[in-house]
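Here is what each chain is made of, one letter per residue.
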Amino acid sequence: MEEMKDEILEYVIDEYIEDEDDEITYDTPLISSGIVDSFSMVSLKRFLEAKYQISIPDEKASPEAFDTVNSIVVLVKEFIG
Amino acid sequence: MGYSDKVREMYKEQIKGIHDAGIFKQERFIHSAQAADIEVEFPTGSSLKKVINMCANNYLGLSSHPEVVKAAHEGLDSRGYGMSSVRFICGTQDIHNELEKKVTEFLGTEDTILFPSCMDANAGVFEAILTEEDVMISDRLVHASIIDGIRLCGAMHDTFKHSNMGHLEKKLILHADKRLKVVITDGVFSMDGDTAKLDEIVELCDKYDAMVFVDDSHASGFIGKTGRGTHEHCGVFGKIDIITTTFGKALGGASGGCVSGRKELVEMCRQKARPYLFSNTMAPVIVAGILKVLDILSKSTERRDKLEANTKYWRKGLTEAGFILKEGNTPIVPVMLFNAKLSQDISKDLYDEGIYAIGFFFPVVAKGQARIRTQISAGHEIHHLDKALDAFTKIGKKYDILGKTKQEIIEMYGL
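Reading the values: rules and limits
- Residues numbered from 1 in each chain as written.
- Chains lettered and ligands numbered in written order.
- Predicted model: local features only at pLDDT ≥ 70, side-chain atom pairs only at ≥ 80, totals over all residues.
- Heavy atoms only, no water.
- Helix = DSSP H or I, 4+ residues; strand = E, 2+ residues; numbered from the N terminus.
- Rg over C-alpha atoms; globule rule 2.2 N^0.38 Å.
- Buried < 20%, exposed > 50% of the residue type's maximum accessible area, 1.4 Å probe, protein only.
- Contact = heavy atoms within 4.5 Å.
- Areas by Shrake-Rupley, 256 points an atom, 1.4 Å probe, with all protein chains shown as cover.
- Lys, Arg positive; Asp, Glu negative; His and termini not counted.
- Charge placed at Lys NZ, Arg CZ, Asp CG, Glu CD.
- Buried area = accessible area lost by both parts, 1.4 Å probe.
- Salt bridge = Lys/Arg side-chain N within 4 Å of Asp/Glu carboxyl O.
- Polar contact = N/O pair within 3.5 Å; in protein donor to acceptor, adjacent residues only side chain to side chain.
- Phe/Tyr/Trp six-rings, centres within 6.5 Å; stacked < 30°, edge-to-face > 60°.
- Lys NZ or Arg CZ within 6 Å of the ring centre and 35° of its normal.
- Domains from an automatic or database assignment.
- Pairing = 2+ DSSP bridges.
- Axes fitted to C-alpha atoms, helices over the stretch in contact; angles between N-to-C directions.

Chemist: Explain the overall build of chain A here, please?
Modeler: Along chain A, the regular secondary structure elements total 3 helices and 0 strands. A globule of 81 residues ought to have a C-alpha radius of gyration of about 12 Å, and chain A, at 12 Å, matches this closely. Dimensions of chain A along its principal axes, counting C-alpha atoms only, are 35 × 25 × 20 Å. Looking at the 81 residues of chain A, the share that counts as buried comes to 46%. Considering only residue pairs separated by 6 or more positions, chain A has 55% of its internal contacts joining residues 24 or more positions apart. Approximately 4,500 Å² of chain A is accessible, and the part contributed by carbon and sulfur atoms is 49%. When the 6 basic and 21 acidic side-chain charges of chain A are each reduced to a single mean position, those positions are 11 Å apart.

Chemist: Is there a simple way to think about the interface of chain B and chain A in this case?
Modeler: It is common to give the size of an interface as the accessible area lost on bringing the parts into contact. Every contact between the two is made by 16 residues of chain B and, on the other side, 12 residues of chain A. Both faces combined, the contact of chain B with chain A buries some 1,100 Å², and carbon together with sulfur accounts for 46% of it. Joining chain B to chain A, the criterion identifies 4 salt bridges. Between A:E15 and B:R140 there is a salt bridge, and its shortest N-O distance comes to 2.9 Å. Counting across the chain B and chain A interface gives 9 residue pairs in polar contact (both at pLDDT 80 or more). Broken down by secondary-structure element, the contributors of at least two residues to the side of chain B that touches chain A are α6 (144–151), β6 (156–160) and α7 (165–174) of chain B.

Chemist: What is the right way to look at the packing of aromatic side chains in this model?
Modeler: The relation between two aromatic rings is expressed through the spacing of the ring centres and the mutual angle of the planes. Residues and elements named next belong to chain B. As enumerated under the stated definition, the model contains 11 aromatic pairs over all chains in all. Geometrically, the ring pair formed by Y59 and F222 is tilted, given 4.5 Å between the ring centres and 40 degrees between the ring planes. With Y59 in the loop between β3 (49–53) and α2 (66–79) and F222 in the loop between β8 (211–215) and α9 (230–233), the pair connects residues that are 163 residues apart, well separated along the chain. The exposure classification of Y59 matches that of F222, with both residues buried. Above the plane of the ring of Y351 lies R28, whose end atom (NZ or CZ) is 5.0 Å from the centre. Sitting over the ring of Y351, K49 keeps its end group 5.8 Å from the ring centre.

Chemist: Would you mind showing me how to read the domain arrangement of chain B here?
Modeler: Residues and elements named next belong to chain B. Under the domain assignment, chain B is made up of domain 1 (66–299) and domain 2 (302–413). Here the C-alpha centroids of domain 1 and domain 2 sit 29 Å apart. The partner domain 2 presents 16 residues to the 16 residues of domain 1 that form the contact. The junction of domain 1 with domain 2 conceals about 1,200 Å² of combined surface from both sides, 59% of it contributed by carbon and sulfur atoms. When the area that domain 1 buries against domain 2 is broken down by residue, the three leading residues are M191, D192 and F222, summing to 50%. A salt bridge links D192 to K326; the shortest N-O distance between them is 3.8 Å.

Chemist: Looking at this model, I keep getting lost on the pattern of salt bridges. Mind explaining?
Modeler: Pairs may arise between side chains of opposite charge once their charged atoms sit close together. Taken as a whole and assessed by the stated rule, the structure comprises 33 salt bridges over all chains. In this structure, B:R262 engages B:E110 in a salt bridge whose closest nitrogen and oxygen atoms are separated by 3.2 Å. With B:R262 in the loop between β10 (257–261) and α10 (263–272) and B:E110 in the loop between α4 (94–107) and β4 (111–115), this residue pair connects regions lying 152 residues apart in the sequence. Classification of B:R262 as partly exposed rests on a relative accessible area of 26%. For B:E308, the salt bridge goes to B:R304, with nearest N and O atoms at 3.1 Å. Of the two residues, B:E308 and B:R304 both sit in helix α13 (residues 302–321), 4 residues apart, roughly one turn of that helix. Owing to a relative accessible area of 37%, B:E308 belongs among the partly exposed residues under this scheme. Salt bridges linked by common partners bring A:E15, B:R140, B:D158 and B:K171 together as one network.

Chemist: How do you make sense of unusual backbone geometry when you look at a structure like this?
Modeler: Across residues other than glycine, the phi torsion is negative in most instances, and most of the peptide bonds are trans. The omega torsion across B:F42 and B:P43 is -5 degrees, close enough to zero to call that bond cis. Turning to its location among the elements, B:P43 is positioned in the loop between β2 (37–41) and β3. Here the residue pair B:F362 and B:P363 is connected by a cis peptide bond, since its omega of 10 degrees sits within 30 degrees of zero. Within the secondary structure, B:P363 sits in the loop between β13 (358–360) and β14 (370–375). The backbone of A:Q53 sits at a positive phi, close to 55 degrees, despite the residue not being glycine. Residue class for A:Q53 comes out exposed when judged on its relative accessible area of 70%. Positioned with a positive phi, B:S163 is a non-glycine residue whose angle comes to about 55 degrees. The topology assignment puts B:S163 in the loop between β6 and α7. Judged by its relative accessible area of 11%, B:S163 falls in the buried class.

Chemist: I'm lost on the sheet that holds β14(B) in this one. Help?
Modeler: In a beta sheet, neighbouring strands are held together by backbone hydrogen bonds and run either parallel or antiparallel to one another. Residues and elements named next belong to chain B. Across the sheet, which stays open at both edges, the 3 strands sit in the order β11-β14-β13 with antiparallel pairing between neighbours. Looking at the sheet topology across the chains shown, the edges are occupied by β11 (332–338) and β13. Within the sheet, the average angular offset between the axes of one strand and its neighbour, ignoring direction, is 30 degrees. In this sheet, β14 lies alongside β11 in antiparallel orientation, the contact comprising 6 bridges. In the sheet register, P334 faces β14, and the bridge partner there is R373. The strands that helix α14 (residues 340–352) touches are β11, β13 and β14; relative to β14, the one it contacts most, it runs at about 35 degrees.

So this is what it looks like as structure tokens:
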């Protein structure tokens, strides 16, 4: 669980943060704060599917479910089983 | 009544919100032809003011060139004012076909299709050539019209960090399973004036089997040794699969745009692109004008050479005066001020000095990146640039920002 949180956080920082001074945590809102726009959710979804060998249906990949690293972990765990 | 007082109030409130946010856009009426020297009515109702235009996309100074105006007159006389038709019913004249061939030759592609604007070209092209099986991978700073075109297309969309080739490569690997991959970029980015690394993009696309799309609206006519565009500048002439560009900037500045590239992709646009199918043909007068523009540019590089020299003079002058500029070598020269209000105040003071240059701030550019965007033209003479440099220096001194670092300006004015 902790390992997964760190992997996802690392990906989000690498993928979306342009300014190195910006700090984000497991609870930082990503979509509602504008750090990740709805366009860019695609790569996040694809990353999760490839990394954890899962398939997330589009209707489950909502902005709410993707809004924080913590909520993403909950979503991924649902599909890992 | 559908448009009740309640509905009217709702919109009034929204417009007030735009005012309150400081992003209300107001037109300035120009009472002369587009040129380096223009006469402007601003604010509305005030007497006309002669100013030097430092914010037009008139890079080659061809918007009011006598030969172009003459050719347009001749086109109007010989082919009429309008066609009252879309292209494929009865809206295609011989000169539309001639222009498509000339643009193909100029850009070094296989075929070209005209659109009413480059906005329309970008809105129509992706949907015409891609499906749900494909992916579009775009630079994060591409023009708004490309974003709209991407939204209208059913293919998957992903982005890469601005001009970050390592990140683009990761995305090409991530989407390796897609049927078609298209990498999408501007040739010259309109807000920062920087140039796409097209040579590296072409190399990556060759390696990972992807097509290359470039919007060269801020490059066609003057970037590259003979002004063919960013692909010429980067040494990849003939290697770009899709180029979109506009005739509304350097190439005469009237209107119209095109998709130019691989023959089959252009044919798909002719069959399926909705802005082509469902909007009127380009007016003959404009087509005749653009033909003359291409004729002028194919005979001599004098205008783009003058633009290059003017740009160097302007950049050197501003740098020596102590302003912070965005690095680059295009005629888009952003003077960085960082603070939104400062950019608006300086723009206003410059106008009072007879210099027309606009301040841009969030959301048009990133937060804390407010600037005055200046645009140089081959229509500028050295005396125009000297007068503008004097005005910038005077106003720069007034705000005590000359020779100051970014941090010092932010400390004085905030972000």
